[in-house]
Amino acid sequence: MSSNTLNSSAYPAYPAAKTVNCDIITADGSLCTGCRIENGKIVPALGGVQNTLCAFTDVKAAGYSAAAGAYFVCADKKVFYSADGLSFSELAALEGEEPFIFGQREGAEAKLYAVGNGKCVYFGGGAGGEKAFDCGICGGVIKNGRLFGIDKGDKFRLRWSGAGGAFDQAEDINGAGWVRLDGAGGGILNLIIYGERLVAVRENGLSVFSAYGTPENFKAEGKGLHISGVCKNTAAVVGNKLIFCADGGLFCYNGAKIERLDCGLIEKTENPVCAAANGGLYLLGAYAKPLERNAVLVYDTASGLAYFADAPANAIVASGGGVFAYSAGNACRLARGGTFCFEGTIDFGCAKQKYLKTLEIAGAEGADIQLSNGRATRAFKDAKNALRADMRGVNFTFKVKGNAEITALRATAEVLDGI
């Protein structure tokens, strides 16, 4: 054999590589803030689009009346008034740790009331005022012309006013009265109007009441509605569902039973403090762990999809004028059209080493992209079309910020077999 002959078996073959394409938008585990996934596209959704600095700090409650043309925020033992939901001014002082807000007509005039310890503050007919009102309740709601509420001194006791309205407090067989609920459900946290029913949201379940006509016709309905660890101020009615948080996730009452909702994003929240409904959306103010700050979780009851709206909220109001989130020093309008953020991580289906070759993005406008392999980061400003990624790694994270719909976001990599 010639000394120049090459014995190929002595040299291992270079690992073969195969080209793999991945749709980043539809990959599992993506995080959407101010956007949602629809038909394989990233679509702008609710986000904080307008912020106004406000004088209030410790927000306890917020409410709205279209008829009275007023928004209220109860904070710092005061009531703040606004005509547009954003610009607030102090209306009056209001003592109490559990203020509540309700609307009621007095003759031809609609008024919005905030109730605290021993008095109420109101706005109606273009002017505000206050008067003594010692009703002894919190969490009040108006139903069938009566004010229902939770007894401040006994959270198992449900109270109601007379048929003459909130200020008809004279106890009588057909007037004001109360009933004490069983001990198994725990104390009453909130009262919610659910269609023609009144629901007492309790520490360990729900109690459903028919509250028509005179008190002798008031009766409890629904059995076996027990669930542990219900979170206060998280119940809201979306369509025919009463949705709320409890130990283990997000749940709904459909008029017959309590069911758990499939919402994985709820597991990335903690300390829920408020909720509201807007169309088919359930809105929950909570701490968003991936964002490391307070935000609003938005759950779409039709699609089952969820995302975050990047706005802190201690109280949320959904009105004809929009959706507003209130927190310390801030009033924020939530709407579609702000800057959104989409974040997704892919491994191209295996734990092997890869060479990320290209990234392709398509949409009505350009977007800013950050690409990371966990050690290094590359940034692309106002990116459009195909980009040269030129990065090696096992897992790749893509963070995209934009304002317009993104119709495609794909990556191409060479996966090294044998590595």
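Residues numbered from 1 in each chain as written. Predicted model: local features only at pLDDT ≥ 70, side-chain atom pairs only at ≥ 80, totals over all residues. Heavy atoms only, no water.

Visitor: I keep staring at the sheet that holds strand β32 (residues 330-336) and nothing clicks. Help me out?
Guide: The strands that make up a sheet pair up through hydrogen bonds in the backbone, lying either parallel or antiparallel. Strand order in the open sheet made by the four strands is β5-β32-β31-β30, with antiparallel pairing throughout. Looking at the sheet topology across the chains shown, the edges are occupied by β5 (46-53) and β30 (315-319). This sheet shows a mean twist of 25 degrees between the axes of neighbouring strands, independent of strand direction. Sheet topology note: the strand β31 (residues 322-327)/β32 ladder contains five bridges and is antiparallel. Each bridged residue has a counterpart across the sheet, and for Tyr326 the counterpart in β32 is Ala331. (Pairing = 2+ DSSP bridges. Helix = DSSP H or I, 4+ residues; strand = E, 2+ residues; numbered from the N terminus. Axes fitted to C-alpha atoms, helices over the stretch in contact; angles between N-to-C directions.)

Visitor: What should I look at first to understand the pairing of strand β4 (residues 41-44) in this one?
Guide: Within a regular strand, the side chains alternate between the two sheet faces. Direction of pairing for strand β3 (residues 35-38) relative to β4: antiparallel, over a ladder of four bridges. Within β4, the position partnered with Cys35 by the bridge is Pro44. The hairpin turn running from β3 into β4, its antiparallel successor, is two residues long, and Asn39 in that turn takes a positive phi close to 55 degrees.

Visitor: Could you clarify how one ought to interpret empty space enclosed by the protein in this entry?
Guide: Once rolled over the atoms, a probe with the size of a water molecule shows which space is left empty. Enumeration according to the criterion identifies one cavity of 30 Å³ or more in this entry. Taken together, Arg36, Asp300, Ser303, Leu305, Ala306 and Tyr307 make up the full set of residues lining the largest cavity. Taken together, the residues of the lining of the largest cavity break down into three nonpolar, one polar and two charged. (1 Å grid on protein atoms, 1.4 Å probe; cavity = no way out; pocket = protein on both sides within 12 Å on 5 of 7 lines; lining within 4 Å. Points joined across faces, edges and corners; volume = space filled by probe spheres on them. Nonpolar A, V, L, I, M, F, W, Y, C, P; charged D, E, K, R; others polar.)

Visitor: Can you walk me through the nonpolar core in this structure?
Guide: Across soluble globular proteins, nonpolar side chains have a tendency to be buried as a group. Within the largest apolar cluster, 48 residues are counted, with the highest numbers of intra-cluster contacts made by Phe348, Leu356 and Phe398. Ranked by residue count, the leading element in this core is strand β39 (residues 406-416), at five residues. Ignoring sequence-local partners within four residues, the contact set of Leu356 consists of Phe348, Leu371, Ala389, Asp390, Met391, Phe396, Phe398, Ala411, Thr412 and Ala413. The next biggest cluster of nonpolar side chains, apart from the first, holds 21 residues, and it includes Cys245, Ala275, Ala288 and Leu291. (Core = buried A, V, L, I, M, F, W, Y, C linked by side-chain atoms within 4.5 Å. Buried < 20%, exposed > 50% of the residue type's maximum accessible area, 1.4 Å probe, protein only. Contact = heavy atoms within 4.5 Å.)

Visitor: Is there a simple way to explain the sheet that holds strand β9 (residues 89-93) in this structure?
Guide: Reading across from one edge, β6-β7-β8-β9 is the order of the four strands in this open sheet, with antiparallel pairing throughout. A single partner strand is all that each edge strand has here, and the edge strands are β6 (59-65) and β9. Neighbouring strand axes in the sheet, compared pairwise and without regard to direction, differ in orientation by 25 degrees on average. In terms of strand pairing, β6 meets strand β7 (residues 70-75) through six bridges, oriented antiparallel. Within β7, the position partnered with Ser65 by the bridge is Ala70.

Visitor: Looking at this structure, I do not really get the side chain of Lys143. What am I missing?
Guide: Here Lys143 shows up in strand β14 (residues 137-143). Lacking a salt bridge, the buried Lys143 has Glu196 as its closest oppositely charged neighbour, with an N-O distance of 4.6 Å. Once you skip the residues sitting within four places of it in the chain, Lys143 turns out to touch Phe148, Ile193, Glu196, Arg197, Leu198 and Ala211. (Lys, Arg positive; Asp, Glu negative; His and termini not counted. Salt bridge = Lys/Arg side-chain N within 4 Å of Asp/Glu carboxyl O.)

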